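Report on the structure
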Amino acid sequence: MPSEMPDPMGLVRRKHTSHRQVVEEIGKAIVSGGFPVGSVLPGDPELAKRFHVSRTVLREAMKTLAAKGLVVPKARIGTRVTDRQFWNMFDGDILRWHFEAGVSEEFLLNLYDIREAFEPAAAALAAERASSDQITLLRQLAEALGNPDHTTESLAFADLRFHLALATASHNPFMRTLGSLIEAALFGVFRMSSGSPDGQRAAEVRASHMAIVDAIAARDCTAARQTMEKVIRIGRDRARATFSEEAADRP
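Every value quoted in this text rests on a predicted model; they were computed, and no experiment measured them. (Residues numbered from 1 in each chain as written. Predicted model: local features only at pLDDT ≥ 70, side-chain atom pairs only at ≥ 80, totals over all residues. Heavy atoms only, no water.)

Relative to each other, helix 6 (residues 132-144) and helix 7 (residues 152-169) sit at 165 degrees, their axes nearing to 9 Å. Between helix 6 and helix 7, the interaxial angle falls into the category roughly antiparallel. With respect to the hand of their crossing, helix 6 and helix 7 are arranged in left-handed fashion. Contacts from Gln134, Leu137, Leu138, Leu141 and Ala142 in helix 6 reach Arg161, Phe162, Ala165, Leu166, Thr168 and Ala169 in helix 7. Tallied by class, the residues present in the contact of helix 6 with helix 7 amount to eight nonpolar, two polar and one charged. (Axes fitted to C-alpha atoms, helices over the stretch in contact; angles between N-to-C directions. Helix = DSSP H or I, 4+ residues; strand = E, 2+ residues; numbered from the N terminus. Parallel < 35°, antiparallel > 145°, perpendicular 65-115°, else oblique. Left-handed = near helix turned anticlockwise from the far one by under 90°. Contact = heavy atoms within 4.5 Å. Nonpolar A, V, L, I, M, F, W, Y, C, P; charged D, E, K, R; others polar.)

Set out below in structure tokens:
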């Protein structure tokens, strides 16, 4: 975030960058197992030297990691990596680090379980509460999914915009906070995909999402829930197929 005070020398930006670098490097190492659960991180002098940062920056980075549930300071012991059950799996960074480290089929399917638990409810709420402007926006975003020139990445971005707009249209702030889960699921599949979607794939995605919009516009909560469930099941099946293909290709 930009500083509210003038910063002609860029000191705030450099401090933020250093803090972010430490959080990123240590967070990724924890999630990937480089720093295993139960292990104690190197001491402050070693970490400060490794990252070329001050003790102040290092302490702030550790506070950020502790807030994510990844570490906990122990008196006379040091900073210990916590058990995975304490990690905030709704945190966007933690989800991203999992995908960068390489996720299992079980991990991704668990992510779809959470989406299926919440997003159909968000669609039903949108059918009840969405404004006419929000429904118009959803229709525009669904239409954009059908662009035959989509790359896999641009289709994922377009899909993400639709699902986040729908969460907002539910008028339930808790639904909108699930954005990191939606993003992780969509871009997780994107990272595992190769090549570009064809026009038929884009048309199918458009049609399935337009069905959600039609149900919301009709104020049909049941249909909105069911059509969203169908979209999430399709995504889950595609993820399963990707893992199956990868397993078949392995010697």
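Here the narrative resumes, following the displayed structure.
Among the nonpolar cores identified, the biggest contains 39 residues, and Leu111, Leu138, Phe162, Leu166 and Ile216 are the most heavily contacted of them. Elements with a contribution of two residues or more to this core: helix 4 (92-101), helix 5 (105-129), helix 6, helix 7, helix 9 (179-192), helix 10 (199-217) and helix 11 (221-249). A per-element tally of this core places helix 5 first, with ten residues. Of all hydrophobic cores here, the second largest spans 23 residues; its members include Val23, Leu47, Trp87 and Trp97. (Core = buried A, V, L, I, M, F, W, Y, C linked by side-chain atoms within 4.5 Å. Buried < 20%, exposed > 50% of the residue type's maximum accessible area, 1.4 Å probe, protein only.)

For the pair helix 6 and helix 10, the least separation of the axes is 8 Å and the interaxial angle reads 170 degrees. As judged from the angle between their axes, helix 6 and helix 10 are roughly antiparallel. As helix 6 runs across helix 10, the sense of the crossing is left-handed. Together, Ile135, Leu138, Arg139, Ala142 and Glu143 of helix 6 and Arg206, His209, Met210, Val213, Asp214, Ile216 and Ala217 of helix 10 make up the contact between the two elements. Residue classes in the contact of helix 6 with helix 10 are distributed as seven nonpolar, one polar and four charged.

Put simply, the protein has an average pLDDT of 87, and 88% of its residues get 70 or more. For the protein, per-element mean pLDDT is lowest for helix 9, which scores 75, and highest for helix 6, which scores 98. (pLDDT = per-residue confidence, 0-100.)

Attention now goes to the pattern of salt bridges. The final tally for this structure, using the stated rule, is 17 salt bridges. Arg96 serves as the salt-bridge partner of Glu24, at 2.5 Å between the closest nitrogen and oxygen. Of this pair, Glu24 sits in helix 1 (residues 11-32) while Arg96 sits in helix 4; the two residues are 72 residues apart in sequence, bridging distant segments of the chain. (Salt bridge = Lys/Arg side-chain N within 4 Å of Asp/Glu carboxyl O.)

One pass over the full model with this rule turns up one aromatic pair. With centroids separated by 5.9 Å and ring planes inclined at 85 degrees, the aromatic side chains of Phe99 and Phe107 adopt a geometry described as edge-to-face. Across the pair, exposure class does not vary: Phe99 and Phe107 are buried alike. (Phe/Tyr/Trp six-rings, centres within 6.5 Å; stacked < 30°, edge-to-face > 60°.)

This paragraph deals with empty space enclosed by the protein. By rolling a water-sized probe across the atoms, one finds the places where empty space is left. Counted by the stated rule, this structure contains two cavities of 30 Å³ or more. There is about 50 Å³ of room inside the largest cavity. As for the largest cavity, its lining consists of Phe118, Glu119, Ala122, His163, Leu166, Ala167, Met175, Leu178 and Ile182. Looking at the lining of the largest cavity, the elements that each hand over two or more residues are helix 5 and helix 7. Looking at the lining of the largest cavity residue by residue, the class counts come to seven nonpolar, one polar and one charged. Of the pockets and cavities examined, the second largest cavity occupies roughly 30 Å³. Surrounding the second largest cavity, Ile114, Arg115, Phe118, Glu119, Leu178, Leu181 and Ile182 form its lining. Among the elements of the structure, helix 5 and helix 9 are those that each provide at least two residues to the lining of the second largest cavity. It is helix 5 that provides the largest number of residues to the lining of the second largest cavity, a total of four residues. Here the residues of the lining of the second largest cavity sort into five nonpolar, no polar and two charged. (1 Å grid on protein atoms, 1.4 Å probe; cavity = no way out; pocket = protein on both sides within 12 Å on 5 of 7 lines; lining within 4 Å. Points joined across faces, edges and corners; volume = space filled by probe spheres on them.)

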